[in-house]
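Residues per chain, in single letters:
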2 protein chains.
Amino acid sequence: MKIGIDLGGTTMSVGVVSDKNEIIAKKEIETICSDGADKIIERMSQLVQQVMNQVDKTQISHIGIGCPGMLDRSAGRVLYSNNLGWENIEISEKIRQIFKIPVYIENDANCAALGEYIVGSGKDVNTMIMITLGTGIGGGIIIDNKLYRGKSGNSNILGHMLMVSDGLLCTCGRKGCWEAYASGSALIRMANQKAEECKESELSKYKELDHSLNGKNIFLAIHNGDKAACQVFEQYIAYVAEGITDIVNIFEPQMIVIGGGISQQGEFMLNPIRQLVEKNVYCGLDAMPIITTSCLGNDAGIIGASCLNEY
Amino acid sequence: MKIGIDLGGTTMSVGVVSDKNEIIAKKEIETICSDGADKIIERMSQLVQQVMNQVDKTQISHIGIGCPGMLDRSAGRVLYSNNLGWENIEISEKIRQIFKIPVYIENDANCAALGEYIVGSGKDVNTMIMITLGTGIGGGIIIDNKLYRGKSGNSNILGHMLMVSDGLLCTCGRKGCWEAYASGSALIRMANQKAEECKESELSKYKELDHSLNGKNIFLAIHNGDKAACQVFEQYIAYVAEGITDIVNIFEPQMIVIGGGISQQGEFMLNPIRQLVEKNVYCGLDAMPIITTSCLGNDAGIIGASCLNEY
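Residues numbered from 1 in each chain as written. Chains lettered and ligands numbered in written order. Predicted model: local features only at pLDDT ≥ 70, side-chain atom pairs only at ≥ 80, totals over all residues. Heavy atoms only, no water.

Participant: What exactly am I supposed to notice about the relation of the copies chain A and chain B here?
Facilitator: Both copies of the chain are related through a single rotation about an axis accompanied by a shift along the same axis. Overlay of chain A on chain B (RMSD 0.0 Å): rotation 180°, translation along the axis 0.0 Å. The two molecules are tied by a two-fold rotation axis, judged by turn and shift. Rotation axis and chain A: the residue whose C-alpha lies nearest the axis is Val 164 of chain A, separated from it by 2.1 Å. Most of the interface of chain A is mirrored in chain B: 100% of its interface residues are interface residues there too. (Least-squares fit on C-alpha atoms with pLDDT ≥ 70 in both. Contact = heavy atoms within 4.5 Å.)

Below is the structure:
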């Protein structure tokens, strides 16, 4: 058995994972970034202790942690994480000292990709790319059954491919990144703008009623056939598909797995994406990967993190 | 010894390559695409015969051919090549029947990348990406000492990453590809437009004098400090750098090698590219690869093709 941790900016989840990569115990709590790194690491340790108490803890071989941001994996440090508000925070050694077992860290998007590759949607392929459409766009690349990491160990910045040269300012400081057009946040921004333009739309009504737009009320308006909402959806899907087309042109993986809240839309989102990618991909149908959604949801990160000793 | 062939839309080059990967005999002739595939393959065979006659031909183990376009490598066929005007042309078997030794084919940009990786600029790295700025933009990806090919064997379509969503129409049919902004042809298009706008510029004078703009007179105007030409150069370099930034964000290779005619500009082009990439790359200086130019020029394709038996 092993421990997998998914440390997010909002929630942290800790699971005990069996040698067959099934989650056998799990707990999650709010991260509360404003409490600072020491407090967060302390709460994480308590959560590990709690799930360990549910099993025979002597059988636990190691702990794997998926963290957002840029890491120094060998030093077990988070170099910089915008989501957590961390800069140069030692994490592995602190956890190791408490539990006296090996601790591994890896980027959270890479952990999610690993989880999907090992036991999720990608379990039958050897080259797979996972993208997570959330606050930002995360990416994880599996090539020939290995996690691809690049020179600094922090590559796979798929969300920061260019979509529009000199376009919208991205949170990373560059202008025109894919993330600025195709993340969940981008969808909400586009919907807000449309609601302002179309005061008679359902979108605009939800904005007033619920005091803000979010994934839930935006997709409610879309599924109700609200014209303004459907236009936003069409434009958003076009942006998502443009980035996926690039990924297919560059990598031609066997599979692309889409994760994040929006992926709950399933075929409703996948069908138009597949059509657009098929239309634009350079090498035609021979190059088309399976395009599907994550099947593990948030568990992918826990399972992937728990397998870091092998990847 | 072995034979390497670089089959281009304009010129075909055939070389005898030693076991140490040095070219020991070489010949080239015009391709003349309008003559059709049979005639081109016939002339290619004659050229192979001529270089073989310069050495002990019994010592030649195999032939490797770099072709533009999409290939079925295992069937030895060019599926489609816009440059050659070929569709579903058998090539390996025809050459094999003449010379009775194994024949390999591979995309020409991949062959150039292989050549640079084996004995050129990339000889000391194991992960390297080569981009060729010519009529289009070619790309070849070496990951962990292997040529990366993707599902259909025709990936690495780096020139067809998006630069501007819904932007300029690319020759591939998609709108806004990097190739439409950063290829040599794009530079010439931009310079022509500028020459029309700035009738007093040196660029405009060269256009009139030489009846057209080309790499040579454009760079003459740039090096002479012509304001209009320098503005074109600055915009062009910005587009080149945007695509390279994407490649660094995605792959973080140890090295990026720039080939094609424009790469003859050397440091004059490399310095501003490096500055722009450094400024925009997501993971900062840790992620920065060596960015350099091809050191084998047109020989890279011949040498790479001659090594296809090993890659």
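Participant: It is not clear to me how the nonpolar core should be interpreted in this structure. Could you clarify?
Facilitator: Core analysis: the largest hydrophobic core is formed by 112 residues, its most contacted members being Ile 244 and Phe 251 of chain A together with Ile 244 and Phe 251 of chain B. Residues contacting Phe 251 of chain A, with those up to four places away along its chain left out, are Ile 129, Ile 141, Ile 143 and Leu 158 of chain A together with Tyr 148, Gly 150, Ser 155, Ile 250 and Phe 251 of chain B. One finds Leu 7, Ile 65, Leu 71 and Val 78 of chain B within the second-largest nonpolar core, a separate group that totals 32 residues. (Core = buried A, V, L, I, M, F, W, Y, C linked by side-chain atoms within 4.5 Å. Buried < 20%, exposed > 50% of the residue type's maximum accessible area, 1.4 Å probe, protein only.)

Participant: In this structure, what is going on with the packing of aromatic side chains? I would like to understand it.
Facilitator: Each aromatic ring pair is summarised here by two numbers: the centre-to-centre distance and the angle between the ring planes. Counted according to the given criterion, the structure contains eleven aromatic pairs over all chains. For the ring pair Phe 219 of chain A and Phe 233 of chain A, a centre distance of 5.8 Å and an interplane angle of 80° mean the geometry is edge-to-face. Here Phe 219 of chain A, found in helix α7 (residues 215–223), pairs with Phe 233 of chain A, found in helix α8 (residues 227–251); they are 14 residues apart in sequence, far enough to count as distant. Considered together, Phe 219 of chain A and Phe 233 of chain A belong to a single accessibility category, that of buried residues. Between Phe 233 of chain A and Phe 268 of chain A, the aromatic rings sit 5.0 Å apart at their centres with planes inclined by 15°, giving stacked as the arrangement. Within this pair, whereas Phe 233 of chain A is found in helix α8, its partner Phe 268 of chain A is found in helix α9 (residues 267–280), the two being separated by 35 residues in sequence. In this structure Phe 233 of chain A comes out as buried when scored by relative accessible area, which is 9%. One aromatic cluster is present, formed by Tyr 148 and Phe 251 of chain A together with Tyr 148 and Phe 251 of chain B through successive ring pairs. (Phe/Tyr/Trp six-rings, centres within 6.5 Å; stacked < 30°, edge-to-face > 60°. Helix = DSSP H or I, 4+ residues; strand = E, 2+ residues; numbered from the N terminus.)

Participant: Looking at this structure, I do not really get the packing of helix α6 (residues 202–209) of chain B against helix α7 (residues 215–223) of chain B. What am I missing?
Facilitator: Packed helices, taken two at a time, are described by their axes: the angle between them and the distance between them. Residues and elements named next belong to chain B. Interhelical geometry of α6 versus α7 gives an angle of 150° and a closest axis separation of 9 Å. Judged by the inter-axis angle, α6 sits roughly antiparallel to α7. In this structure, the crossing between α6 and α7 has a hand that is right-handed. The segment α6 lies against α7, with Glu 202, Leu 203 and Tyr 206 engaging Asn 217, Ile 218, Leu 220 and Ala 221. Looking at side-chain class alone, the contact of α6 with α7 contains five nonpolar, one polar and one charged residues. (Axes fitted to C-alpha atoms, helices over the stretch in contact; angles between N-to-C directions. Parallel < 35°, antiparallel > 145°, perpendicular 65-115°, else oblique. Left-handed = near helix turned anticlockwise from the far one by under 90°. Nonpolar A, V, L, I, M, F, W, Y, C, P; charged D, E, K, R; others polar.)

Participant: Whenever I open this one, the domain arrangement of chain A confuses me. Can you help?
Facilitator: Put simply, an interface is often sized by how much accessible area is lost when its parts join up. Residues and elements named next belong to chain A. Under the domain assignment used here, chain A contains domain 1 (2–115 + 299–310) and domain 2 (124–293). In this structure, domain 1 and domain 2 have C-alpha centres spaced 27 Å apart. On the side of domain 2, eleven residues touch domain 1, which itself brings ten residues to the contact. Between domain 1 and domain 2 we count one salt bridge in total. For the pair domain 1 and domain 2, the number of links is one residue pair in polar contact (both at pLDDT 80 or more). Those elements that provide at least two residues to the side of domain 1 that touches domain 2 are β5 (70–72) and α3 (108–119). (Domains from an automatic or database assignment. Salt bridge = Lys/Arg side-chain N within 4 Å of Asp/Glu carboxyl O. Polar contact = N/O pair within 3.5 Å; in protein donor to acceptor, adjacent residues only side chain to side chain.)

Participant: I'm lost on unusual backbone geometry in this one. Help?
Facilitator: All names here are of chain B. Phi is positive for Lys 100, which is not a glycine, with a value near 60°. In this fold, Lys 100 is placed in the loop between α2 (92–99) and β8 (103–107). Residue Lys 100 is classed as exposed on the basis of its relative accessible area of 65%.

Participant: Would you take a moment to explain the interface of chain A and chain B for this structure?
Facilitator: Listed by partner, the interface residues are 43 residues for chain A and 43 residues for chain B. The junction of chain A with chain B conceals about 3,500 Å² of combined surface from both sides, 56% of it contributed by carbon and sulfur atoms. For chain A, the biggest contributors to the area lost against chain B are Lys 151, Arg 174 and Ile 250 of chain A; these three give 19% of the whole. If you look at where chain A meets chain B, you find 26 residue pairs in polar contact (both at pLDDT 80 or more). Counting only elements with at least two residues in the side of chain A that touches chain B, the list comes to β10 (137–143) and α8 of chain A. Of the residues forming the side of chain A that touches chain B, the biggest block, seven residues, is contributed by α8 of chain A. In terms of residue class, the side of chain A that touches chain B is made up of 20 nonpolar, 13 polar and ten charged. (Buried area = accessible area lost by both parts, 1.4 Å probe.)

Participant: Hey, could you run me through the pattern of salt bridges in this one?
Facilitator: Between side chains of opposite charge, pairing is possible as soon as their charged atoms come close. Enumeration according to the criterion identifies 28 salt bridges over all chains in this entry. Taking the shortest distance from any N to any O, the salt bridge between Asp 35 of chain A and Arg 43 of chain A comes out at 2.9 Å. On the basis of relative accessibility, which here comes to 36%, the residue Asp 35 of chain A falls in the partly exposed class. Taking relative accessible area as the criterion, Arg 43 of chain A reaches 14% and is therefore assigned buried. Glu 196 of chain B is paired through a salt bridge with Lys 207 of chain B; the nearest N and O atoms lie 3.0 Å apart. Residue Glu 196 of chain B is located in helix α5 (residues 184–197), and its partner Lys 207 of chain B is located in helix α6; the two are separated by eleven residues in the primary sequence. The exposure class assigned to Lys 207 of chain B is partly exposed, which follows from its relative accessible area of 23%. Counted as one network, the salt bridges with shared partners bring together Arg 73, Glu 106 and Arg 149 of chain A.

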